[in-house]
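Below are the chains, spelled out letter by letter.
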Amino acid sequence: QTSSASTGDLTTEILQALSQKDPINSTEAFPQIPFEFIKAALDRLASRSMVKYEQIEREEAFLEPEAEIIVSHGSHEARVFDAVHKALEGLSIQDLEKEIGDKTVTKLGQGKAFKEKWIKKDGSKLVALVDSINDVTRDQLRVIKETKTHDAKIIADLKKRKLLKLQKVISFTIHKAEKFALEMVKEETDLTAEMLASGAWKEATFKPYNFKALGADQHAGALHPLNKVRSEFRQIFFEMGFTEMPTNQFVESGFWNFDTLFVPQQHPARDLQDTFYVSDPPKAGRPTATGPDDKADYEEYFKNVQQVHQDGKYDSIGYRYPWAEDESLRLVLRTHTTSVSAAMLHKLAQQKDENGRVPPARYFSIDRVFRNETVDATHLCEFHQVEGVIADYGLTLGGLMEFMDMFFGAMGVTDLRYKPAYNPYTEPSMEIFSHHKGLNKLIEIGNSGIFRPEMLEAMGLPRDLRVFGFGLSLERPTMIKYGISNIRELLGHQVDLSFVQKNPAVRFDK
Ligand code: PHE
């Protein structure tokens, strides 16, 4: 507001100055006004063809504080000469120092005065060799103080001696143009009904549209980049017929997080090193119905899980170790959302009809998981997992690969590579890799597999139902899309809020 008000006055001042003299130089005519304001006013006048202008860039020299002292007191060497010259009998170095009152000035000045052959040493005293000297440095600095410039070589010399600094100064040469006048005609910004009715529109001058103008900053709230990417993923899932799983429970029992997934109780993932355990309350209750409509027999399921681990069941020999209920009822911050997939698949089993069939299903979730990791540029103790599950009949590993190609293809990630991997709950398992152009190498983008019968049959799902599962982090694609190399710029207390506000939504398919 202030700047537009001041450019408003300035346009009139420029027009007035031009009516007296053409051309004018902006620094002469308006020495106090910053060049940005002058340029804004000139652009307004030039867009109406009232003035023309050229921009001139010049380097000007300004005296450093030391140079100011030289201008007022003389150069070091001149001061030394004056002191020595004044003392007719010559001066001892101590007396010279006293006279000048500054050790460095004395030392530097002396050296230079010797070199110029203005003084010499006579016994223990300094005596003058000439009657008068020319203080060239002071003269040069005086000229520069006055005119802001000098010979290029002199400027370079003085700058090297740190007596000057150079500054770029922008000014304008301003001329009258075709539509020059003393007043700027008011330009209409809108065509109004009144102008149409009165015919005033015929005479009016309209302000041209400025298509380069940026919209006003709205200072509105903004979705965090992770949320933007999350909504993009959700869209892809919905378009592929998935429904969202409820993931609002961060604390799970070991039963849901591990045992249901056929993760043995001695598995390293269950170690304190990898998993955050909750100590209060000390343990979870055994799994029970989640509501009045939940008719599942959780006691039976609990027993099935124990048996398949300990003794084997469903044609599996199991792990053959003593399965401990206490371990199963420990509370953990969920290490993956696959615990939720397990609960959802167990619910799906309850939809069995009289022929023992359940309907095909597709579930997804995107939510937070926790792992006891050392925090570094690419790892935090918590991150977001994108998880998908597809249950159907006649599914094959080739079908899983085809699905993954389609899913990542929807995000613009193509040319996937698959590598055999191991998960306790899937067989076969595959890590998914993609070639990262920026890093020029294959990077892991997901983990997947076909859930094991030990897991599915314990839930009561039919034998010929196959279930794909896959998981990936939300952070990794977000970092790639937004060009972030340190995860702490994305999540946590070091996040710059303007980064959140200014970043556009990403489109994976663009
Ligand atoms: N739980 C796996 C992970 O955390 C992802 C996954 C889910 C893998 C389902 C296979 C099947 O990486």
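Conventions used here
Residues numbered from 1 in each chain as written. Predicted model: local features only at pLDDT ≥ 70, side-chain atom pairs only at ≥ 80, totals over all residues. Heavy atoms only, no water. Patch = residues over 30% accessible without salt bridge, like charges linked within 9 Å, V, L, I, M, F, W, Y side chains within 5 Å. Areas by Shrake-Rupley, 256 points an atom, 1.4 Å probe, with all protein chains shown as cover. Salt bridge = Lys/Arg side-chain N within 4 Å of Asp/Glu carboxyl O. Helix = DSSP H or I, 4+ residues; strand = E, 2+ residues; numbered from the N terminus. Axes fitted to C-alpha atoms, helices over the stretch in contact; angles between N-to-C directions. Parallel < 35°, antiparallel > 145°, perpendicular 65-115°, else oblique. Contact = heavy atoms within 4.5 Å. Nonpolar A, V, L, I, M, F, W, Y, C, P; charged D, E, K, R; others polar. Near = heavy atom within 4 Å. Polar contact = N/O pair within 3.5 Å; in protein donor to acceptor, adjacent residues only side chain to side chain. 1 Å grid on protein atoms, 1.4 Å probe; cavity = no way out; pocket = protein on both sides within 12 Å on 5 of 7 lines; lining within 4 Å. Sits in = over half its atoms within 2 Å of the grid points. Pairing = 2+ DSSP bridges. Core = buried A, V, L, I, M, F, W, Y, C linked by side-chain atoms within 4.5 Å. Buried < 20%, exposed > 50% of the residue type's maximum accessible area, 1.4 Å probe, protein only. Points joined across faces, edges and corners; volume = space filled by probe spheres on them. Domains from an automatic or database assignment.

Asker: Summarise a nonpolar patch on the surface; cite the residues concerned and give the values.
Answerer: Residues Leu-191, Leu-196, Trp-201 and Phe-206 make up a contiguous nonpolar surface patch of about 390 Å² in total accessible area. Position of Phe-206 relative to the elements: it lies in strand β8 (residues 205-206).

Asker: Help me get a handle on the packing of helix α8 (residues 136-147) against helix α9 (residues 152-160), residues and values and all.
Answerer: α9 packs onto α8 with a crossing angle of 105° between their chain directions and a minimal axis gap of 11 Å. Overall, the two elements α8 and α9 adopt an arrangement that is roughly perpendicular. From α8, Thr-137, Gln-140, Leu-141 and Ile-144 reach across to α9, where they touch Ile-154, Ile-155 and Leu-158. Residues of the contact of α8 with α9, tallied by class, amount to 5 nonpolar, 2 polar and no charged.

Asker: Go over the site of the ligand, please, and point to the residues and values.
Answerer: Around the ligand, the surrounding shell holds 14 residues, and the nearest of these are His-336, Thr-338, Arg-371, Gln-385 and Tyr-425. Interatomic distance of 2.8 Å between a side-chain N/O atom of Tyr-425 and a nitrogen atom of the ligand. In this structure, the ligand is accommodated by the largest pocket. Among the elements of the structure, β14 (382-393), β17 (441-451) and β18 (465-473) are those that each provide at least two residues to the shell around the ligand. Among the residues forming the shell around the ligand, the class breakdown is 3 nonpolar, 9 polar and 2 charged.

Asker: Hey, could you go over the environment of Ser-19 for me, with residue numbers and the actual values?
Answerer: Tracing the backbone shows Ser-19 in helix α1 (residues 2-20). Leave out the neighbours within four places in its chain, and Ser-19 touches Lys-176, Phe-180 and Leu-182.

Asker: Residues and numbers for the sheet that holds strand β10 (residues 251-253), please.
Answerer: In space, the 3 strands of this open sheet follow the order β10-β12-β11, with antiparallel pairing throughout. Single-partner strands in this sheet number two, and they are β10 and β11 (277-278). As paired elements, β11 and strand β12 (residues 331-333) share 2 bridges and run antiparallel to each other. Paired with Tyr-277 across the two strands is Val-332, which belongs to β12.

Asker: Give me the lowdown on the nonpolar core, citing residues and values where you can.
Answerer: Core analysis: the biggest nonpolar cluster contains 39 residues, and Phe-233, Phe-403, Met-404, Phe-407 and Phe-408 have the highest contact counts within it. Those residues in contact with Phe-403, other than ones at most four positions away along the chain, are Met-240, Phe-242, Arg-362, Ile-390 and Phe-470. In this structure, Trp-256, Tyr-321, Met-459 and Leu-465 belong to the second largest nonpolar core, which totals 36 residues.

Asker: Describe the layout of surface pockets, naming the residues involved and giving the relevant values.
Answerer: Approximately 1,400 Å³ is the volume found for the largest pocket. Every residue lining the largest pocket is counted, 49 residues in all, and those nearest its centre are Arg-371, Phe-383, Glu-444, Ser-473 and Arg-476. Going through the elements one at a time, β14, β15 (416-423), β16 (426-436), β17, β18 and α18 (475-482) are the ones with two or more residues in the lining of the largest pocket. Top contributing element to the lining of the largest pocket by residue count: β17, with 10 residues. The residue makeup of the lining of the largest pocket, split by class, is 19 nonpolar, 21 polar and 9 charged.

Asker: Just give me the short version of unusual backbone geometry, but keep the residues and values in it.
Answerer: For the bond from Asp-22 to Pro-23, the omega torsion is 0°, close enough to zero to count as cis. One can find Pro-23 in the loop between α1 and β1 (24-25). Backbone geometry places Lys-162, a non-glycine residue, at a positive phi of 60°. Looking at the element boundaries, Lys-162 is found in the loop between α9 and β6 (164-176). Looking at Lys-162, the relative accessible area reads 65%, which means it is exposed. Phi at Arg-320 is positive, roughly 60°, even though this residue is not glycine. Mapped onto the secondary structure, Arg-320 falls in the loop between α13 (298-310) and α14 (325-328). Overall, Arg-320 belongs to the exposed group, its relative accessible area being 56%.

Asker: So what's going on with the domain arrangement of the protein chain? Which residues, and what values?
Answerer: By the assigned domains, the protein chain splits into domain 1 (2-64 + 143-182), domain 2 (76-134) and domain 3 (227-502). The gap between the C-alpha centroids of domain 1 and domain 2 is 45 Å.

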